[in-house]
2 protein chains.
Amino acid sequence: MNGPSLALRQRSLGDPSAEFPLFPPLTRGCPKTSTAELAYPVEVDYDYAKVDRTLFEQQPGPDIARWSPLLPPLDAPTLGEGGTPLIEFGDVYIKDESRNPTWSHKDRLNRVTVSAAVACGAPGVVVASSGNHGASAAAYAARAGLPAIVLTGDAPPAVQEFVRSYGAKVVSVPVDKRWPLLRQVVDELGYHPVSNQTVTHTGHPFGPEGYKTIAYELFLQLGTVPAAVFSPTGYAELLYGVWKGFAELRLLGVTDRTPRMFSCETAAGGPHAKALAAGLPAAIVEIGPTDAYGVACPVGGHRGVVAVRDSGGEAVLVTDEDLRKAQRDLARAGLWQELSGAAGLAGRRRLRRDFDGPVVCIATSSGFKDVGVGGERYDVLTDPTLDDLLP
Amino acid sequence: MNGPSLALRQRSLGDPSAEFPLFPPLTRGCPKTSTAELAYPVEVDYDYAKVDRTLFEQQPGPDIARWSPLLPPLDAPTLGEGGTPLIEFGDVYIKDESRNPTWSHKDRLNRVTVSAAVACGAPGVVVASSGNHGASAAAYAARAGLPAIVLTGDAPPAVQEFVRSYGAKVVSVPVDKRWPLLRQVVDELGYHPVSNQTVTHTGHPFGPEGYKTIAYELFLQLGTVPAAVFSPTGYAELLYGVWKGFAELRLLGVTDRTPRMFSCETAAGGPHAKALAAGLPAAIVEIGPTDAYGVACPVGGHRGVVAVRDSGGEAVLVTDEDLRKAQRDLARAGLWQELSGAAGLAGRRRLRRDFDGPVVCIATSSGFKDVGVGGERYDVLTDPTLDDLLP
């Protein structure tokens, strides 16, 4: 059913005629179309004519290697990423990505990016991240036997411990020092970068390929293509990856339609909302106060613009109050998500519109990772009675 | 493939000829064989002759309803429990139960026990638990639309917030007040208890049925029966459930052998080790100092004794030092487990013995739930250099 990777080359999102060999991964964006103000990412192109469509007759499950023909070579071992459940919640479906190896969607990306590091023979992996991405990269690097350096910021204390648990070298540095230091680690130590290095976001060219597997799973879990997908959006690698997966299903003739993609961004920032409103390929914003640190990205990228534009979707801005309400309601149905992880549901609620088919909200991460978790102390009732237990 | 429950009745573990109707669940143990000093649990018996063995030709995945013929009726909705990956780790396999809806194995049990509450028409669910069990019961009760009362103790602050997130009434009470209060909630409010109420542990009679699904999954994931299973053991519901699942596979003729079951208990207590050494049906111990609060149970039960005895296994005591080493090594391979959750691997390492076939260590829960997580503060390096990033 699965088989070797059919990845052929890298291709620019700035100009699809600009093609590059598959290796080395262009971790500083497209060298032909990027400018000093705007970086275009590249993506991976495949030999689609060779894809056996029985690939899409399997049942989803852990380990994205089941989709290997449509992924770059997976040289790093699995931690059992993917195969996450789809849970009914009122009139929408929740794709619960907190069920991944490090309890966020980032594991799908890091299986692919750490594989690239292994394939390149890199002596280590480096990542700048305030939380989930850093922990996930550290976990996959550890699993692959590669040292990792994680440049982190002021993540919540429990998340700091989470990132550190996997044995990486973790250093908290000021935000403005993270990217120069990352470049230095790449240039001087030869470590493979699995996070962004460019003026507008490009990230790792292979990263969104891992997220495509969410689209494949959704198609199999629903037995159809959803009408709309609402995704928590920071740099929009997730949004773009899911979009590309559905676009491939249509390209391969497995399906005949694609969903509208909704970029659910924090109202404290929202670079893709800004870019779309202004008709720009990508934008940069100031970030105001928000607890949704997982999606509070000042630097947007071209991928999110492409996914929204080509799918007929929209960017939706959600406030922390919207997020808290969505987070609370998900928990009250048994799904405790990180505040940022509830952005898909919050976005769906803010956009008052009917859809002609299933609506999926991606929920990205466990509630354990939030700001303030573990900060409150609860008293022990020394002499409790039944009255103390009533609402 | 799946179909209605084939559960017929409850049967005593104290005397297999003592049978009871399937409902109501005997949540205070076997009324015929229990004494003032020793309570025997009951288990669920099925119409095994009616089981369609193609049930065991499916692929594992989320939602244990795929095993419904061999489970009590599942009247509570799923959160997508089960279908967890099996990860190679050196010469053993790790069954990563931190990949469940509330990031521990307890979700398999609570899908079943909260279903019993729904089937009984109970007005709510009550549970005494210091952590994972309480959170999981709260999540499944919330999902089923039932109120829940959780009597908790001095769980770590992040775990307190985790338990509270699902909207249950959570009250911290001294350990010696938990069980009297639980009984009062059951007797006066009619809430359905999903934790233990007896002098030696019996718990919910349906609980271990949920854990059987781990055995079914392991058989399908390995393509064979493991030679040995090492399980973190507190009350031994997990150990017994996995054992029963394998025993059923043999009974049904799906397999011709069963694994040896190893009860991995904290050296600070270890009631099943004590009972087995003394030839008792169950034992109670004092608990010494340990951070492995998830398995530090003073009250043992008969189930653990049966699982070890009938499978030809052993009880293995592990120190906190053993656990920390196992936890660290799992994390260094990308699997961050709770200290108690690493007891399976710690136990396997302590028992120096070769096995003629695959060895599985169950890992039960995410590292986020440990004592002390989030308690440490890490300084931000204001002027970092490359030297700060080297090991």
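As a reminder, the structure under discussion sits directly above these lines.
Residues numbered from 1 in each chain as written. Chains lettered and ligands numbered in written order. Predicted model: local features only at pLDDT ≥ 70, side-chain atom pairs only at ≥ 80, totals over all residues. Heavy atoms only, no water.

### Some remarks on helix H4 (residues 175-189) of chain B
Residues and elements named next belong to chain B.
Part 1: Taking 1.5 Å as the rise per residue, H4 with 15 residues should run 21 Å; its terminal C-alpha atoms sit 21 Å apart, in good agreement.
Part 2: Taken together, the buried positions of H4 are occupied by Arg178, Leu181, Leu182, Val185 and Val186. Looking straight down H4, one finds that the buried residues subtend no more than 140 degrees of arc, so they occupy a single side. Exposed and oriented more than 90 degrees from the buried face of H4 are Asp176, Pro180, Asp187 and Glu188.
Part 3: Packing partners of the buried residues in H4 comprise strand S6 (125-128), strand S7 (148-152) and strand S9 (192-193).
Part 4: Taken from the residues just after H4, Gly190 is the one with a positive phi, measuring 75 degrees. (Helix = DSSP H or I, 4+ residues; strand = E, 2+ residues; numbered from the N terminus. Expected span 1.5 Å × (residues − 1). Buried < 20%, exposed > 50% of the residue type's maximum accessible area, 1.4 Å probe, protein only. Arc of directions from axis to C-beta. Contact = heavy atoms within 4.5 Å.)

### Considerations on the environment of Pro208(B)
All names here are of chain B.
Part 1: Residue placement: Pro208 occurs in helix H5 (residues 207-222).
Part 2: Judged by relative accessible area, Pro208 falls into the buried class, the value being 2%.
Part 3: In this structure, the C-alpha to C-alpha distance between Pro208 and Pro85, residues 123 residues apart in sequence, is 20 Å.
Part 4: When near neighbours in sequence (up to four residues on either side) are disregarded, Pro208 contacts Glu237, Tyr240, Gly241 and Arg303.

### Concerning the sheet that holds strand S6 (residues 125-128) of chain A
Residue and element names in this part refer to chain A.
Part 1: The 4 strands are arranged S8-S7-S6-S9 in an open sheet whose pairing can be described as parallel. Sheet topology places strand S8 (169-172) and strand S9 (192-193) at the edges, where each strand pairs with a single neighbour.
Part 2: Relative to S9, S6 runs parallel, the two being bridged by 2 bridges. Among the inter-strand pairings, Val125 is bridged to a residue of S9, identified as His192.
Part 3: Contacting strand S7 (148-152) and S8, helix H3 (residues 157-165) crosses the sheet at an angle of about 150 degrees to S8. (Pairing = 2+ DSSP bridges. Axes fitted to C-alpha atoms, helices over the stretch in contact; angles between N-to-C directions.)

### Digging into the pattern of salt bridges
Residues and elements named next belong to chain A.
Part 1: Enumeration over the complete set of coordinates arrives at 48 salt bridges over all chains.
Part 2: Close ionic contact of Asp63 with Arg111 constitutes a salt bridge, the shortest N to O distance being 2.8 Å. Taken together, the residues span a long stretch of sequence, with Asp63 in the loop between strand S3 (42-46) and strand S4 (86-89) and Arg111 in helix H1 (residues 106-119) at a distance of 48 residues.
Part 3: According to the relative accessible area criterion, Asp63 is partly exposed, its value standing at 22%.
Part 4: Owing to a relative accessible area of 4%, Arg111 belongs among the buried residues under this scheme.
Part 5: Ionic pairing is found between Arg309 and Asp310, a salt bridge with its closest N-O pair at 3.0 Å.
Part 6: By relative accessible area, Asp310 is classed as partly exposed at 43%.
Part 7: Here the residues in one salt-bridge network are Glu43, Glu209, Lys212, Lys244 and Glu248, joined through shared partners. (Salt bridge = Lys/Arg side-chain N within 4 Å of Asp/Glu carboxyl O.)

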